[in-house]
Amino acid sequence: KAGVTQTPRYLIKTRGQQVTLSCSPISGHRSVSWYQQTPGQGLQFLFEYFSETQRNKGNFPGRFSGRQFSNSRSEMNVSTLELGDSALYLCASSLPLTSGSDTGELFFGEGSRLTVL
Amino acid sequence: DQQVKQNSPSLSVQEGRISILNCDYTNSMFDYFLWYKKYPAEGPTFLISISSIKDKNEDGRFTVFLNKSAKHLSLHIVPSQPGDSAVYFCAASEGGKLIFGQGTELSVKP
């Protein structure tokens, strides 16, 4: 079956702009998580959505937001971009833990690489 | 505060030898631990996991060891192959949220 799809794959923005990234999870997966990857920081958890509700949130400022639609597709938005927001943004989908997928294994997309100039 | 730490940013190993990647954590409430592998320009892919009630899980060339008293886990790859060269992330699960370490870049030389 198709994997996690993220669009766009690459984008360049300037400081102060805003950006919206999109993620389509694996069919049947209802949980979508977003991570930011930067050199030296690893994967930093942004937020997780399940059934259109934000279930978990990481330690990022309010400029980072997200939402999930009824078809489980998710978007994340970053407003008032800063140079430090340049990173690879990864989306991952999973079956919810209560479904019997007891490892919480995530299936990642290839990411959206954002460069802020 | 980094709850999951991989203190070695890089590791170089000769082909055929053992690769040992280490990970430390601080939160005793983590119930699952996972290892992911990441190649450049690709998303991380799941490698192997271990429940907090076990101390070892093996899958082919990959074995994960968990030492709960030391809050330490390790990934052993035996024998190492050049195709194993990638960044390896350990992750810990709590309530559906995965916390990742910073990653260790493994280089396996022929």
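Up top you'll find the structure we're talking about.
In this text, all values refer to a predicted model and were calculated from it rather than measured experimentally.

Colleague: Can you help me understand the overall build of chain A in this one?
Modeller: Secondary structure assignment for chain A yields zero helices and eleven strands. In chain A, the succession of helices and strands from N to C terminus is β-β-β-β-β-β-β-β-β-β-β. Here the C-alpha atoms of chain A give a radius of gyration of 14 Å, agreeing with the 13 Å that 2.2 N^0.38 yields for 117 residues. Projected onto the principal axes, the alpha-carbon positions of chain A cover approximately 45 × 30 × 25 Å. Of all 117 residues assigned to chain A, the portion counted as buried reaches 51%. Expressed as a percentage of contacts within chain A between residues at least 6 apart in sequence, the contacts between residues at least 24 apart total 54%. Positive and negative side-chain charges in chain A, numbering 11 and 8 respectively, have mean positions lying 6 Å apart.

Colleague: Honestly, the sheet that holds strand 3 (residues 19-24) of chain A in this entry has me stumped. Any pointers?
Modeller: Sheet strands associate in pairs through backbone hydrogen bonding, adopting either a parallel or an antiparallel arrangement. Residues and elements named next belong to chain A. If you walk across this open sheet you meet the four strands as 1-3-8-7, and the pairing is antiparallel. With one partner strand each, in any of the chains shown, strand 1 (5-7) and strand 7 (64-68) form the two edges of the open sheet. Recorded for the sheet is a direction-independent mean angle of 15° between the axes of neighbouring strands. Sheet topology places strand 3 next to strand 8 (residues 74-78); five bridges connect them, and they run antiparallel.

Colleague: Whenever I open this one, the nonpolar core confuses me. Can you help?
Modeller: Generally speaking, soluble globular proteins have nonpolar side chains that are buried together. Within the largest apolar cluster, 24 residues are counted, with the highest numbers of intra-cluster contacts made by B:V4, B:F33, B:W35, B:L73, B:L75 and B:Y88. Sorting the residues of this core by element identifies strand 3 (19-25), strand 4 (32-38), strand 5 (45-51), strand 7 (62-67), strand 8 (72-77), strand 9 (86-94) and strand 11 (104-109) of chain B as the ones contributing at least two each. The leading source of residues in this core is strand 9 of chain B, at four residues. Apart from residues no more than four positions distant in its own chain, B:F33 is found in contact with B:Y25, B:I48, B:S49, B:I50, B:S52, B:L66, B:L73, B:A91 and B:A92. A:F64, A:M76, A:L81 and A:V116 belong to the second-largest nonpolar core, a separate cluster that totals 21 residues.

Colleague: I keep staring at the layout of surface pockets and nothing clicks. Help me out?
Modeller: Rolled over the atoms, a probe with the dimensions of a water molecule shows which regions are left empty. Considering only enclosed or pocket space, the largest pocket measures out at about 390 Å³ in volume. If you list the elements that add at least two residues to the lining of the largest pocket, you get strand 4 (31-38) of chain A together with strand 9 and strand 11 of chain B. Here the residues of the lining of the largest pocket are counted per class, giving ten nonpolar, eight polar and three charged.

Colleague: For this particular structure, what's the right way to read the interface of chain A and chain B?
Modeller: You'll often see interface size given as the accessible area lost when the parts meet. Residue-level contacts link 23 residues of chain A with 19 residues of chain B. Across the chain A to chain B interface the summed buried area is about 1,700 Å²; carbon plus sulfur atoms make up 57%. Across the contact surface, chain A and chain B share zero salt bridges. Put simply, the parts of the chain that give the side of chain A that touches chain B at least two residues each are strand 4, strand 5 (42-50), strand 6 (53-57) and strand 9 (87-94) of chain A. By residue number, the principal contributor to the side of chain A that touches chain B is strand 5 of chain A, which donates five residues.

Colleague: Help me out: how do you make sense of the state of the cysteines in this one?
Modeller: Here a disulfide denotes one covalent bond, and it connects the sulfur atoms of two cysteines. Residue and element names in this part refer to chain B. On inspection of all chains with the given rule, the structure shows two disulfides over all chains. Shown here is the disulfide that connects C23 with C90, its sulfur atoms set 1.9 Å apart. For the disulfide bridge between C23 and C90, the dihedral angle about the S-S bond is near 60°, and by the sign convention the bridge is right-handed. Taken together, the positions of C23 in strand 3 and C90 in strand 9 put the pair 67 residues apart, joining distant regions of the chain. Residue classification places C23 among the buried residues on the basis of a relative accessible area of 1%.

Colleague: Explanation requested: the environment of B:Q14 in the structure shown.
Modeller: Residues and elements named next belong to chain B. Along the polypeptide, Q14 turns up in strand 2 (residues 10-14). Q14 sits in the partly exposed class, given a relative accessible area of 44%. In the structure, Q14 is positioned 43 residues away from N57 in sequence and 24 Å away in space, judged by C-alpha atoms. Discounting chain neighbours no more than four positions away, the residues touching Q14 are S80, V108, K109 and P110.

Procedures and definitions
Residues numbered from 1 in each chain as written. Chains lettered and ligands numbered in written order. Predicted model: local features only at pLDDT ≥ 70, side-chain atom pairs only at ≥ 80, totals over all residues. Heavy atoms only, no water. Helix = DSSP H or I, 4+ residues; strand = E, 2+ residues; numbered from the N terminus. Rg over C-alpha atoms; globule rule 2.2 N^0.38 Å. Buried < 20%, exposed > 50% of the residue type's maximum accessible area, 1.4 Å probe, protein only. Contact = heavy atoms within 4.5 Å. Lys, Arg positive; Asp, Glu negative; His and termini not counted. Charge placed at Lys NZ, Arg CZ, Asp CG, Glu CD. Pairing = 2+ DSSP bridges. Axes fitted to C-alpha atoms, helices over the stretch in contact; angles between N-to-C directions. Core = buried A, V, L, I, M, F, W, Y, C linked by side-chain atoms within 4.5 Å. 1 Å grid on protein atoms, 1.4 Å probe; cavity = no way out; pocket = protein on both sides within 12 Å on 5 of 7 lines; lining within 4 Å. Points joined across faces, edges and corners; volume = space filled by probe spheres on them. Nonpolar A, V, L, I, M, F, W, Y, C, P; charged D, E, K, R; others polar. Buried area = accessible area lost by both parts, 1.4 Å probe. Salt bridge = Lys/Arg side-chain N within 4 Å of Asp/Glu carboxyl O. Disulfide = S-S within 2.5 Å.

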